[in-house]
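Structural overview for review
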Amino acid sequence: MRWSGTAKALHWTTAALILGLLALGWVMTRADMNAALRFDLYQLHKSFGFVALGLVWLRLIHLTFRCAPEPPKSRLERRLVRAGRAGLWTLMILAPLSGWATASASPLEIPTLFFGLFKVPDVVRPGEAAFALASSAHFWLTALFAALICLHAAAALKHHFIDGDDVLTGMLPRRRSGPSGLKKVRQDNVLKRLDEVRSKRF
Ligand code: HEM
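Residues numbered from 1 in each chain as written. Predicted model: local features only at pLDDT ≥ 70, side-chain atom pairs only at ≥ 80, totals over all residues.

- Looking up the protein in an unreviewed UniProt entry gives the name Cytochrome b, with the organism given as Chelatococcus sambhunathii.
- According to the UniProt record, the Sequence similarities (unreviewed entry) comment for the protein reads "Belongs to the cytochrome b561 family."
- Regarding the protein, the UniProt comment filed under Subcellular location (unreviewed entry) reads as follows: "Cell membrane". (UniProt positions renumbered as here; feature names shortened; annotations may be inferred.)

So this is what it looks like as structure tokens:
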């Protein structure tokens, strides 16, 4: 099972971004810090959150033009793969959208500045009730996302260590392989011939 180089790059970039956003979201809402640092971390979280949303659309467009590797043979596994993919795609879209709604609904009316470059428009009117709803949705969606990512990683490790197939390695960068079979035989023959010549030395 091999994915294209672009699919692998998009997969790992999105994975790194989402793991970073989960960690940053957790830290910025809980850790003890001064207001200025908290403000900067919120802005960073919101900006990278938009990058993640952009990447999801890129991945969706890429998916429609490129074929994914063939699905597994067993019916149960096929269903699990389909359900897992549907869950991950849904959360990749809903998690950032709920974050955007949370930032917009904040009664503090703090603008969202995309990496300090421009102000992102709000999608919801600010208000306490709207903020409570959006912020709860963002919390539960991202918690579900973290749980599904753990299951996704566990499934990939099971394929590698228990089933011994190439599902995980198919998503890793291609390693430079050693000499091919024929090349290796030729190299062995050259080395043998060298040994023969050396043995005739005086
Ligand atoms: C895949 C993308 C995202 C992930 C995985 C993510 C993850 C998280 C997490 C784990 C939290 C902590 C939740 C809590 O404990 O209450 C959080 C909080 C927050 N996120 Fe996101 N986030 C994402 C995208 C966004 C986006 C795009 C925005 C805004 C444009 C955003 C705005 C916020 C805000 C304002 C909070 C604080 C909520 C509060 O104070 O209750 N997030 N995020």
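1. Remarks on the overall build of the protein
- Each helix and strand counted, the protein has 5 helices and 2 strands in total.
- Put simply, the protein runs from its N terminus to its C terminus through helices and strands in the order α-α-α-β-β-α-α.
- Relative to its full complement of 202 residues, the protein shows a buried share of 11%.
- Long-range pairs, those at least 24 residues apart, make up 66% of the contacts in the protein with a sequence separation of at least 6. (Helix = DSSP H or I, 4+ residues; strand = E, 2+ residues; numbered from the N terminus. Buried ≥ 20, exposed ≤ 12 C-beta atoms within 10 Å, placed from the backbone. Contact = placed C-beta atoms within 7 Å.)

2. Section: the site of the ligand
- Lining the immediate environment of the ligand, one finds 25 residues, of which Gly-25, Lys-46, Gly-49, Gly-99 and Ser-135 sit closest.
- Every element with two or more residues in the shell around the ligand is listed here: helix H1 (5–30), helix H2 (35–65), helix H3 (75–105) and helix H4 (128–163).
- Counting residues per element, the shell around the ligand draws most heavily on H2, at 7 residues.
- Partitioned by chemical class, the residues of the shell around the ligand number 14 nonpolar, 10 polar and 1 charged. (Near = placed C-beta within 6 Å. Nonpolar A, V, L, I, M, F, W, Y, C, P; charged D, E, K, R; others polar.)

3. A look at the confidence of the model for the protein
- Here the protein averages 88 in pLDDT, and 88% of its residues register 70 or above.
- Within the protein, strand E2 (residues 118–120) carries the highest mean pLDDT (97), whereas helix H5 (residues 181–199) carries the lowest (72). (pLDDT = per-residue confidence, 0-100.)

4. What about the packing of H3 against H4?
- As a packed pair, H3 and H4 sit with axes 8 Å apart at the nearest point and diverge in direction by 150°. Taken together, the axis directions place H3 and H4 in an arrangement best described as roughly antiparallel. When you trace H3 past H4, the crossing you get is left-handed. Listed contacts from H4 to Gly-84, Gly-87, Leu-88, Leu-91, Leu-94, Ala-95, Ser-98, Gly-99, Ala-101, Thr-102 and Ala-105 of H3 are Ala-130, Phe-131, Ala-134, Ser-135, Ala-137, His-138, Leu-141, Thr-142, Leu-144, Phe-145, Leu-148 and His-152.
- Of the residues contributing to the contact of H3 with H4, the split by class is 14 nonpolar, 9 polar and no charged. (Axes fitted to C-alpha atoms, helices over the stretch in contact; angles between N-to-C directions. Parallel < 35°, antiparallel > 145°, perpendicular 65-115°, else oblique. Left-handed = near helix turned anticlockwise from the far one by under 90°.)

5. Thoughts on H1
- When the terminal C-alpha atoms of H1 are compared, their 38 Å separation across 26 residues agrees well with the 38 Å that a helix rising 1.5 Å per residue should span.
- Listed in full, the buried residues belonging to H1 are Ile-18, Leu-21 and Gly-25. (Expected span 1.5 Å × (residues − 1).)

6. Things to note about H4
- With 36 residues, H4 ought to run about 52 Å at 1.5 Å a step, and its terminal C-alpha atoms sit 51 Å apart, in line with that.
- Residues Ala-134, His-138, Thr-142 and Phe-145 constitute the buried set of H4.
- Where H4 is buried, its residues meet H1 and H3.
- Remark: Gly-164 follows H4 within two positions and exhibits a positive phi of approximately 65°.

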